[in-house]
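Summary of the model geometry
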Amino acid sequence: MTKRIARVFPRKTTATPSDELVFFDGPGLFPPEVDEVHVSVTFSWDIPHAEWLARQWDGIAPVRIGGPAMGTKGKDFVPGMYLKNGYVITSRGCPNCCWFCDVWRRDGRVRELPIREGWNVLDDNLLCCSEDHIRKVFDMLKVQKKNKRQVEFTGGLEAASLEDWHIELLREIRPKQMFFAYDTEDDYEPLVEAGKKLLASGWTVASKTLRAYVLIGYKRDTIDAAEERLRKTIEAGFTPMAMLWRGRDGKTDPSWRRFQRRWARPAFIYHILKSIDQEVLPDEE
Ligand code: SF4
């Protein structure tokens, strides 16, 4: 018999599942009948609240607290369990050791998982998997595409690992969006090269399919330097998504928050895109 597991989240995001065993608070006066309670923590600044939640559920069923923020090594992916249906993780870990990232500390080098169904791929570094695994992931995605799902790569594709055969596979899938990254200076040259290849393969800047996470607001970063990186991202062919760096306590500076919000607004980015290249963009709908 399948276990009934209550999943308790300290924060609701667009990726949080929404079935009847998902909770954001204590069990209330009429607790559900469950075999286990899993408190799942994504962000380190939610840990104190998650620990409070774990205490509220104590006594209802055995409680476990885990998730990326707790440094828990990820297991095989179960669709719909800790992420909404549609999200899928086919591998965990990364061979790189970026200073701001916990993936390599938590999950080590790349580990390929059994491939489950989904259309929003969240792997830490899919392009570092074996060719056999990547081709199987794309076979699964082709089925999603046939079923009218819009494929996305929001976990991030590493520009430095992008090869011509990956581009062929991406062309067959035609994702709604795919995120690359410009987090450190080392990322820029590979991003430019990836941009050239992808634009030459038929993608356009105007489609905003080519996206890039841009890390901002870390120690010694300045608004001017961050803005330059965001503009350079556009010049490389990618619509940027500013990601504000947060330490373990999650605290951020108000001026950085304002700047980040501006660079996450599609209308604002569109305005910058237009000013950079009048040729590539049609009039906004
Ligand atoms: S490449 Fe991405 S997943 Fe890998 S360590 Fe760097 S930020 Fe983390």
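The paragraphs below set out a description of the structure included in this document. (Residues numbered from 1 in each chain as written. Predicted model: local features only at pLDDT ≥ 70, side-chain atom pairs only at ≥ 80, totals over all residues. Heavy atoms only, no water.)

1. Some words on the site of the ligand
Residues in close proximity to the ligand include Cys94, Asn96, Cys98, Phe100, Cys101, Trp104 and Asp124, which together make up its full environment. Of the residues that constitute the shell around the ligand, the class distribution is five nonpolar, one polar and one charged. (Near = heavy atom within 4 Å. Nonpolar A, V, L, I, M, F, W, Y, C, P; charged D, E, K, R; others polar.)

2. A few points about unusual backbone geometry
Of note, the phi angle at Lys148 is positive, near 70°, even though the residue is not glycine. With respect to the element layout, Lys148 can be found in the loop between helix H3 (131-146) and strand S9 (152-153). Residue Arg174 is not a glycine yet carries a positive backbone phi of 45°. Within the fold, Arg174 resides in the loop between helix H4 (164-173) and strand S10 (177-182). Among the residues examined, Arg174 registers a relative accessible area of 41% and is labelled partly exposed. (Helix = DSSP H or I, 4+ residues; strand = E, 2+ residues; numbered from the N terminus. Buried < 20%, exposed > 50% of the residue type's maximum accessible area, 1.4 Å probe, protein only.)

3. So, the environment of Thr16
Looking at the secondary structure, you find Thr16 in the loop between strand S1 (5-8) and strand S2 (22-23). For Thr16, a relative accessible area of 6% gives the class buried. The sequence separation of Thr16 and Glu51 amounts to 35 residues, and the corresponding C-alpha distance is 19 Å. Setting aside chain neighbours within four positions, we find Thr16 in contact with Phe9, Arg11, Val22, Phe24 and Lys84. Polar side-chain contacts of Thr16 include one of 2.7 Å to the backbone nitrogen of Thr13. (Contact = heavy atoms within 4.5 Å. Polar contact = N/O pair within 3.5 Å; in protein donor to acceptor, adjacent residues only side chain to side chain.)

4. A short note on the environment of Asn120
Mapped onto the elements of the fold, Asn120 is located in strand S8 (residues 120-121). For Asn120, a relative accessible area of 7% corresponds to the buried category. Each C-alpha atom of the pair Asn120 and Tyr87 lies 4.6 Å from the other, and the pair is 33 residues apart in sequence. When neighbours within four sequence positions are excluded, Asn120 is seen to be in contact with Gly86, Tyr87, Val88, Glu152 and Thr154. One polar contact links Asn120 to Thr154, side chain to side chain, over a distance of 2.6 Å.

5. Describing the packing of aromatic side chains
Tallied over the full model, the rule gives 13 aromatic pairs. Here the aromatic rings of Phe43 and Trp45 are separated by 5.1 Å at their centres, their planes lie at 15°, and the arrangement is stacked. Residue Phe43 is classed as partly exposed on the basis of its relative accessible area, which comes to 29%. Here Trp45 falls in the partly exposed class, since its relative accessible area comes to 24%. An aromatic cluster is defined as three or more aromatic residues linked by ring pairs; in this entry it consists of Trp99, Phe100, Tyr218 and Trp245. In this structure, Arg149 is placed above the aromatic ring of Trp119, and the distance from its NZ or CZ to the ring centre is 4.0 Å. A cation over an aromatic ring shows up here: Arg174 above the ring of Trp203, its NZ or CZ 5.4 Å from the ring centre. (Phe/Tyr/Trp six-rings, centres within 6.5 Å; stacked < 30°, edge-to-face > 60°. Lys NZ or Arg CZ within 6 Å of the ring centre and 35° of its normal.)

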